[in-house]
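Residue-level structure breakdown
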Amino acid sequence: MTMNNVPGKDKGSVKLYALSTCVWCKKVKKLLNDLKVAYDYIDVDLLEEEAKAEAKEEIIKWNPPCSFPTLVLGDKKCIVGFDEGKINRELG
Amino acid sequence: MAEQGKIEALYNKLNAEAEAGGYHLNPDKDFTKELVNGLLVNEERYGYPACPCRLASGNKEADLDIICPCDYRDPDLTDYGACYCALYVSGEVLAGKKKLASIPERRPAAGLPKKPAFPVWRCSVCGYLCARENPPEVCPICKAKKERFERFL
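The next thing to look at is the overall build of chain B. Check the secondary structure of chain B and you find five helices and five strands. Counting from the amino terminus, helix and strand elements in chain B follow one another as α-β-α-α-α-β-α-β-β-β. The C-alpha atoms of chain B give a radius of gyration of 16 Å, which matches the 15 Å a tight globule of 153 residues would have. Seen along its three principal axes, the alpha-carbon backbone of chain B occupies a region of about 45 × 35 × 25 Å. Nonlocal contacts in chain B, meaning residues at least 24 apart in sequence, comprise 44% of its contacts between residues at least 6 apart. Working note: accessible area of chain B is about 8,200 Å², and carbon and sulfur atoms make up 53% of it.

Set out below in structure tokens:
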């Protein structure tokens with residue numbers, strides 16, 4: 001499972017698990033772009049079955065309901081949903 | 001991305017149906033049309049319009065609860081003023097009295113829940129009955145407000 005890399009300021013590992021059809025996921029992408037943070041993202045709905053299962057397993061570790069968007073920071077913290085305040089506090 | 005004409009057509013249809021039934025689409029049209037596009041993409045991809053903000057399994061039986069309008073729309077409208085993806089919003093949100101944010105996922109992680117027993121609500125104006133956690137914001141039949149509902153069963 002290869003994530004797409006968006007270059008920017010290094011704020012440690014920033015991984016976004018998203019859906020290509022989800023507007024809240026798009027808002028998180030836009031916010032990360034506006035903050036000019038380097039991040040990796042993956043649109044899970046576009047993956048083949050095997051990679052999708054792998055992605056789901058990773059997401060469930062952080063966010064058991066496996067909802068989107070799930071943002072994992074530095075393999076330590078997880079922000080579920082478009083939580084503008086929290087994302088700004090962590091990465092702004 | 002679905003064709004612009006298809007997005008407009010489905011948006012207009014959903015909007016007319018929502019308003020006729022006492023529901024409201026999100027007034028942020030750009031946001032809402034992106035969701036409508038997501039519904040069209042999912043219809044094409046899975047054969048049914050699964051919620052654009054949830055990961056569909058591709059198995060219709062397992063996803064019946066997340067076909068738009070999903071089973072969770074009404075309780076989410078009551079508790080948060082919007083459904084999970086925010087295609088539908090409450091009157092309060094429509095009037096700009098409440099700001100929208102992402103809401104928690106209500107769908108149980110392990111697939112479909114056992115059907116709970118719902119209370120039955122009666123519109124005291126027209127007698128409309130509905131079995132759900134709380135009465136609707138507006139009676140879909142006569143448009144009486146929520147406070148005109150009484151618990152019937």
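Moving on from the model shown.
This paragraph deals with the interface of chain B and chain A. Counting residues at the interface gives 19 residues for chain B and 19 residues for chain A. Summed over both sides, the interface between chain B and chain A buries roughly 1,500 Å², with carbon and sulfur atoms accounting for 61% of that surface. If you sort the residues of chain B by the area they bury against chain A, Phe-31, Leu-55 and Ser-102 of chain B come out on top, with a joint share of 35%. If you look at where chain B meets chain A, you find two salt bridges. Inspection of the region where chain B meets chain A yields six residue pairs in polar contact (both at pLDDT 80 or more).

The subject of this paragraph is the packing of aromatic side chains. Counting across every chain of the model gives six aromatic pairs over all chains. With a centroid separation of 6.2 Å and an interplanar angle of 45 degrees, the aromatic rings of Tyr-39 of chain A and Tyr-41 of chain A are classed as tilted. When its relative accessible area of 3% is taken as the criterion, Tyr-39 of chain A is described as buried. In textbook terms, an aromatic cluster arises when at least three aromatic residues are bridged by ring pairs, as seen for Trp-24 and Phe-82 of chain A together with Phe-31 of chain B. Directly above the aromatic system of Tyr-23 of chain B lies the positively charged group of Arg-73 of chain B, at a separation of 3.7 Å from the ring centroid. One cation-aromatic arrangement involves Arg-73 of chain B over Tyr-88 of chain B; the distance from NZ or CZ to the ring centre is 4.7 Å.

To continue, consider the layout of surface pockets. When its volume is computed, the second largest pocket comes out at roughly 370 Å³. Looking at the second largest pocket, it is lined by 20 residues, and the ones nearest its centre are Pro-65 and Cys-66 of chain A together with Leu-55, Arg-107 and Ala-109 of chain B. Mapped onto the lining of the second largest pocket, the elements with two or more residues apiece are α2 (49–62) of chain A together with α3 (60–63) of chain B. Its residues placed into classes, the lining of the second largest pocket shows 12 nonpolar, three polar and five charged.

Further remarks concern the pairing of strand β3 (residues 120–123) of chain B. Residues and elements named next belong to chain B. Here β3 pairs with strand β4 (residues 129–131) via three bridges, running antiparallel. Each residue of the ladder has a partner; that of Val-120, found in β4, is Ala-131. Once β3 ends, the chain turns through five residues before running back antiparallel as β4, passing Gly-127 with a positive phi of about 85 degrees. Pairing between β3 and strand β5 (residues 149–151): three bridges, direction antiparallel. Looking at the pairing, Arg-122 lines up with Glu-150 of β5.

Another aspect to go through is the packing of helix α1 (residues 4–20) of chain B against helix α2 (residues 29–46) of chain B. Each pair of packed helices gets described by two things: the angle between the helix axes and the distance between those axes. All names here are of chain B. Viewed as axis vectors pointing N to C, α1 and α2 meet at an angle of 105 degrees, and their least axial separation amounts to 9 Å. Judged on the interaxial angle alone, α2 and α1 are roughly perpendicular. The residues of α2 that touch α1, namely those facing Lys-6, Ile-7, Glu-8, Leu-10, Tyr-11 and Leu-14, are Lys-29, Thr-32, Lys-33, Val-36, Asn-37, Leu-39 and Leu-40.

Turning to a nonpolar patch on the surface, a few remarks are in order. Residue and element names in this part refer to chain B. A cluster of nonpolar residues, Leu-129, Phe-152 and Leu-153, forms a patch on the protein surface that exposes about 320 Å² of accessible area. Tracing the chain through its elements places Phe-152 in the segment after β5. On the accessibility criterion, Phe-152 (44% relative accessible area) is partly exposed.

Two elements in contact, helix α1 (residues 23–35) of chain A and α2 of chain B, have axes whose closest approach is 10 Å; the angle formed by their N-to-C orientations is 120 degrees. With respect to α2 of chain B, the element α1 of chain A is oriented oblique. In contact with Val-23, Trp-24, Lys-26 and Lys-27 of chain A of α1 of chain A, α2 of chain B contributes Phe-31, Glu-34 and Leu-35 of chain B. Grouping the amino acids of the contact of α1 of chain A with α2 of chain B by side-chain chemistry returns four nonpolar, no polar and three charged.

We now examine the side chain of Arg-73 of chain B. Within the secondary structure, Arg-73 of chain B is located in helix α4 (residues 73–80). Aside from chain neighbours lying at most four places away, what touches Arg-73 of chain B is Tyr-23, Cys-83 and Tyr-88 of chain B.

To continue, consider α1 of chain A. Spanning 13 residues, α1 of chain A covers 18 Å between terminal C-alpha atoms, matching the ideal 18 Å at 1.5 Å per step. Residues of α1 of chain A that are buried make contact with β2 (14–18), β3 (39–43), β4 (70–73) and α3 (84–91) of chain A together with α2 of chain B.

Reading guide: rules and limits
Residue numbers here run from 1 along each chain, matching the order of that chain's written sequence. To label them, take the chains in the order written and letter them from A, then take the ligands in the order written and number them from 1. Residue-level local features of this predicted model are given only where pLDDT is at least 70; pairs of side-chain atoms are given and counted only at 80 or more, and the full residue set underlies all totals for whole chains, interfaces and linings. Hydrogens are left out, water is left out, and the side-chain values use all remaining heavy atoms of the structure. Under the scheme used here, helices are H or I runs from DSSP no shorter than 4 residues and strands are E runs no shorter than 2 residues, and both carry numbers assigned from the N terminus. With C-alpha atoms as the basis for the radius of gyration, the globule rule is written as 2.2 Å multiplied by the number of residues raised to the power 0.38. Note on contacts: a residue pair is in contact if any heavy atoms of the two residues lie within 4.5 Å. Using a 1.4 Å probe, accessible areas were evaluated by the Shrake-Rupley method; residue-level cover was limited to the displayed protein chains. Note on terms: buried area is the combined drop in 1.4 Å-probe accessible area of two parts once they are placed together, counting the loss on both. Within this document, salt bridges are pairs made up of a side-chain nitrogen of Lys or Arg and a carboxyl oxygen of Asp or Glu, the two lying within 4 Å of each other. In the analysis that follows, any N or O atom pair within 3.5 Å is treated as a polar contact, provided that within protein one partner can donate a hydrogen and the other can accept it, and provided that, for residues neighboring in sequence, both atoms belong to side chains. Put simply, two rings from Phe, Tyr or Trp (the six-membered ring, in Trp's case) pair if the centres are within 6.5 Å, and we call them stacked under 30 degrees between planes, edge-to-face over 60, tilted for the rest. For each residue, the accessible area found with a 1.4 Å probe, counting protein chains only, is set against the maximum for its type, and the residue is called buried under 20%, exposed over 50%, and partly exposed in between. Either the NZ atom of lysine or the CZ atom of arginine qualifies as a charge over a ring when it sits within 6 Å of the ring centre and within 35 degrees of the ring normal. Points on a 1 Å grid over protein atoms alone make up a cavity when a 1.4 Å probe fits among them but cannot get out, and a pocket when they form an open set with protein on both sides within 12 Å along at least five of seven lines; lining residues each have an atom within 4 Å of a point. Grid points are joined across faces, edges and corners, and a volume is the space filled by probe spheres set on the points. Three categories are distinguished: nonpolar for Ala, Val, Leu, Ile, Met, Phe, Trp, Tyr, Cys and Pro, charged for Asp, Glu, Lys and Arg, and polar for the others, with Gly belonging to the last. Paired strands, in this sense, are two strands between which DSSP finds at least two bridges. Note on geometry: axes are C-alpha line fits, over the in-contact stretch for helices, and angles between N-to-C directions span 0 to 180 degrees. Here is the rule for angles: anything less than 35 degrees is roughly parallel, anything more than 145 is roughly antiparallel, 65 through 115 is roughly perpendicular, and the remaining ranges are oblique. Candidate patch residues must exceed 30% relative accessible area and have no salt bridge, after which like charges are joined if within 9 Å and Val, Leu, Ile, Met, Phe, Trp or Tyr side chains if within 5 Å. What a helix should span is 1.5 Å times the count of its residues minus one.

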